[in-house]
Structures are given as C-alpha cells and as structure tokens.
Amino acid sequence: MTSRRKRRLLLLLIVMLGAGAASALILYALRQNINLFYKPAEIFAQVQLPRQRIRVGGMVRKGSVRQLEGLTVNFAMTDYKQDLQVLYTGVLPDLFKEGQGVVAAGKLNDQKIFIADQILAKHDENYMP
C-alpha cells in the first residue's frame, strides 16, 4: 500500500469515528427530551412499579371526577382495559372534562394511586397545560 492510500484510509477512519462519536453524543443528549407516556394497563402489567417521575395517558372515566378539599381533584384515568386513580392538587386545564383525553405527569405511590403534579388536556392533536 502506498503512503497516499494509507493517508486516505486513515483520514476516512478518523472521519467515520468522529461522525459516530457525534451521533452518539446527540442521541444521548436527546434521550432526556423524549416525552413518552404509559397507559394504565402498561403500568399495572409491570412487575416492579416505576418510582421515578413518569407520564400516564388515557381518558377521564365518566362519572369519576370528585372534587376534594381545596384544589385537590380525584379521578379515574382509563385506557378501557384498566383504570388508574389519579390525585391532583392544582388548577385543572380549561379543556379537562370527563370522557376527554389527558396526560398526567407525576409519581405512583405504594397504593397504586398516581399523584400528579401536572395535567395536560387534549386539544385537537396537542396536549396543553
């Protein structure tokens, strides 16, 4: 192999390694910005329940919304396979109503009640706070 071919091969190898490293860093940085949510049936199907902050999406079951003291609201979220009780303290979005799609962000407690700290209600194709 000539020295010119060796330099080209080395340059090609360096460019490929650089592109691979840049791609890996970009994917690692974007991993935290992906906002996926679980369905209620997926949460109950897991052997070990998640302890970190997660999002749960589903429909508000009709007749399940109960106003507790203050700004605290309790309702059942369903995916029509399983129901999940959600407890939220705060002002609900204007579009929140029974039979409407919602996404709740928060944590699951030991009694399998989802303690939400944010509720997003579906508006057309978007979820809005």
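As shown above, the structure is provided for reference.
Read on for a plain summary of the structure. Small disclaimer: the values here were computed from a predicted structure and weren't measured. (Residues numbered from 1 in each chain as written. Predicted model: local features only at pLDDT ≥ 70, side-chain atom pairs only at ≥ 80, totals over all residues. Heavy atoms only, no water.)

### Topic: the overall build of the protein
Our working definition: Put simply, DSSP H or I for four residues or longer makes a helix, DSSP E for two residues or longer makes a strand, and each gets a number counted from the N terminus. For the exposure calls, accessible area comes from a 1.4 Å probe over protein chains only, and a residue counts as buried if that area is under 20% of its type's maximum, exposed if over 50%, partly exposed in between. Should any heavy atoms of two residues lie within 4.5 Å, those residues are counted as being in contact. Accessible surface is estimated by sampling points in the Shrake-Rupley manner with a 1.4 Å probe; for residues, cover comes only from the protein chains shown.
If you tally the helices and strands in the protein, you get two helices and seven strands. Of the regular secondary structure in the protein, the N- to C-terminal order runs α-α-β-β-β-β-β-β-β. Buried residues in the protein amount to 29% of all 129 residues. Considering only intrachain contacts with a sequence separation of at least 6, the fraction spanning at least 24 residues in the protein is 49%. Of the roughly 9300 Å² of accessible surface on the protein, a fraction of 57% belongs to carbon and sulfur atoms.

### Side note on the packing of aromatic side chains
The following threshold applies: For Phe, Tyr and Trp, where Trp contributes only its six-membered ring, two rings pair if their centres lie within 6.5 Å, and the inter-plane angle classes them as stacked under 30 degrees, edge-to-face over 60, or tilted in between.
What the rule picks out here adds up to one aromatic pair. Plain terms: the ring middles of Phe75 and Phe96 are 5.0 Å apart, the flat faces sit at 65° to each other, and that makes the pair edge-to-face. Within this pair, whereas Phe75 is found in strand 3 (residues 72-78), its partner Phe96 is found in the loop between strand 4 (83-89) and strand 5 (101-108), the two being separated by 21 residues in sequence. Classification of Phe75 as buried rests on a relative accessible area of 0%.

### Section: the pairing of strand 5
Operational definition: Strand pairing is defined by DSSP finding a minimum of two bridges between the two strands.
Counting buried positions along strand 5 yields seven of eight residues, so the element is predominantly enclosed. The sheet contact formed by strand 1 (residues 54-60) and strand 5 spans six bridges and is antiparallel. Across the sheet, the residue bridging to Met59 is Gly101, located in strand 5.

### Focus: the nonpolar core
Formally: Only buried residues count toward a nonpolar core. Its members are Ala, Val, Leu, Ile, Met, Phe, Trp, Tyr and Cys residues joined through side-chain atoms within 4.5 Å.
Ranked by internal contacts, the top residues of the largest apolar core, which has 17 residues, are Val56, Phe75, Met77, Val86, Phe114, Ala116 and Ile119. Listing elements by their share of this core, those giving two or more residues are strand 1, strand 3, strand 4, strand 5 and strand 6 (113-123). Discounting chain neighbours no more than four positions away, the residues touching Val86 are Val73, Asn74, Phe75, Met77, Phe114, Ala116 and Ile119.

### What about the pattern of salt bridges?
Opposite charge on two side chains allows them to pair when their charged atoms are near. Note the threshold: Salt bridges, as used here, are contacts in which a Lys or Arg side-chain nitrogen is within 4 Å of a carboxyl oxygen on Asp or Glu.
Evaluated as defined, the whole model comprises two salt bridges. One salt bridge connects Arg53 with Asp117, and the closest N-O pair in it is separated by 2.7 Å. You can see Arg53 sitting in the loop between helix 2 (40-45) and strand 1 and its partner Asp117 sitting in strand 6, a full 64 residues away along the chain. Overall, the relative accessible area of 46% leaves Arg53 in the partly exposed class.

### Focus on the environment of Leu36
Summarising the element assignment, Leu36 is placed in the loop between helix 1 (3-30) and helix 2. In sequence terms Leu36 and Gly57 are 21 residues apart; their C-alpha atoms lie 9.2 Å from each other.

### Here we look at helix 1
Formally: One less than the number of residues in a helix, times 1.5 Å, gives the span that helix is expected to have.
In this model, helix 1 (28 residues) spans 41 Å end to end at C-alpha, consistent with the 40 Å of a helix rising 1.5 Å per residue. Across the 28 residues of helix 1, zero count as buried, placing the element largely on the outside.

### Points about the pairing of strand 1
Judged by how many residues are buried, strand 1 sits mostly within the fold: five of seven residues are covered. Relative to strand 3, strand 1 is paired through two bridges, and the arrangement is antiparallel. In the sheet register, Val60 faces strand 3, and the bridge partner there is Met77.

These values are about where atoms sit, not about what they do.
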